[in-house]
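# Chains, contacts and geometry: an overview
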Amino acid sequence: MRRNWRMMTIAVLLLCASGIARAQSSQSGQGSQGQPAPQPSDKSKTPEITPLTLDAPAPVSADEDAAYKAFHEVSMEIANKKIESGEAFLQKYPQSRYRPPVYAALVFEYQQLGQVPKMLEYGEKELELAPNDVATLAILGQTLPRRLPSNPPEAAQALSKAEKYSKQAIEIAPTLPKPTDLTDAQFEQAKNQSLAMAHSGLGLVFVRRGKYAEAIPELEQAVKIDPTPDPVNYYLLGLANKNASHFDEAVLAFNRCVAMPGAMQATCKSGAEEAKKLGSTQLSTPK
């Protein structure tokens, strides 16, 4: 799972790089009343998470700019330090125009730590300011249905939010302009990473609701376009096909998961065996 999220960080970085360039360009044309906006990071020297968004940043003071740069330089590999730095920045500058990239970074870091309520808290704050932030929409859309609360009403609410966020990401992503500093291949890979997460999230929402026929095309799209395929999505695709009585397709999906090293192998192997048995005793439903 960690490998997948690291690749997602790279995708966010690529898609958000244009935000930094636009901010720096605007800042250089306005002297000390500049207009910054940074972004995500993968290794110690990577940029910070800036929202993948169509929304533009606004000017900041010199002190605020310096404080943001200090936050920006904290590696995303050090989650606790990144969170501490980001929350300190927000406490000192509660109305900062840098809130979107800080919120986006905190969404990512809290997701990494499995702290879903905090992830959601900052994600919703981020989307209030930058409703076109596809990366944050995709993270929320995929994570919420994978880590549902045990309380049924809260779980239902989380599924509704995941459906909304995933659909928004799927709708907005194709409209994003390609940053001038990215190649076509880089931009397509980064965009597909977020889209794969959004389709995965929407597919799992349908699985949770027992709508397997609706889940299948979403999960098929997720595994098709994901630059770094997630074995969980192959498992979910196998599960949806099995429950829809598409046993051959279920075996195929489960076996794709088995072929990928990781913690899902045993579960997917068991799923493939069960789907084979069901296929030998029950009629398959045509797709």
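This one's a predicted model, so the numbers in the text were calculated from it and none came from an experiment.

### A short note on the state of the cysteines
By definition, a disulfide links two cysteine residues through a covalent bond between their sulfur atoms. All chains considered together, the criterion is met by 1 disulfide. In this model Cys 257 forms its disulfide with Cys 268; the gap between the sulfur atoms is 2.0 Å. Every disulfide takes its handedness from the sign of the S-S torsion; for Cys 257 and Cys 268 that torsion is 70°, giving right-handed. With a gap of 11 residues between them, Cys 257 in helix H11 (residues 247–258) and Cys 268 in helix H12 (residues 265–281) connect regions that are remote in the sequence.

### Topic: the nonpolar core
Grouped burial of nonpolar side chains is what soluble globular proteins tend to show. Ranked by size, the top nonpolar core spans 41 residues in total, and within it Met 119, Leu 140 and Leu 144 carry the most contacts. For this core, the secondary-structure elements that each account for two or more residues are helix H2 (62–72), helix H3 (79–92), helix H4 (99–112), helix H5 (116–129), helix H6 (134–146), helix H7 (152–172) and helix H8 (184–208). By residue number, the principal contributor to this core is H4, which donates 7 residues. In this structure, Leu 140 is in contact with Val 107, Met 119, Leu 120, Gly 123, Leu 127, Pro 145 and Tyr 165, ignoring residues within four places of it in sequence. Of all hydrophobic cores here, the second largest spans 24 residues; its members include Phe 206, Ala 253, Met 260 and Cys 268.

Reading guide: rules and limits
- Residues numbered from 1 in each chain as written.
- Predicted model: local features only at pLDDT ≥ 70, side-chain atom pairs only at ≥ 80, totals over all residues.
- Heavy atoms only, no water.
- Disulfide = S-S within 2.5 Å.
- Helix = DSSP H or I, 4+ residues; strand = E, 2+ residues; numbered from the N terminus.
- Core = buried A, V, L, I, M, F, W, Y, C linked by side-chain atoms within 4.5 Å.
- Buried < 20%, exposed > 50% of the residue type's maximum accessible area, 1.4 Å probe, protein only.
- Contact = heavy atoms within 4.5 Å.

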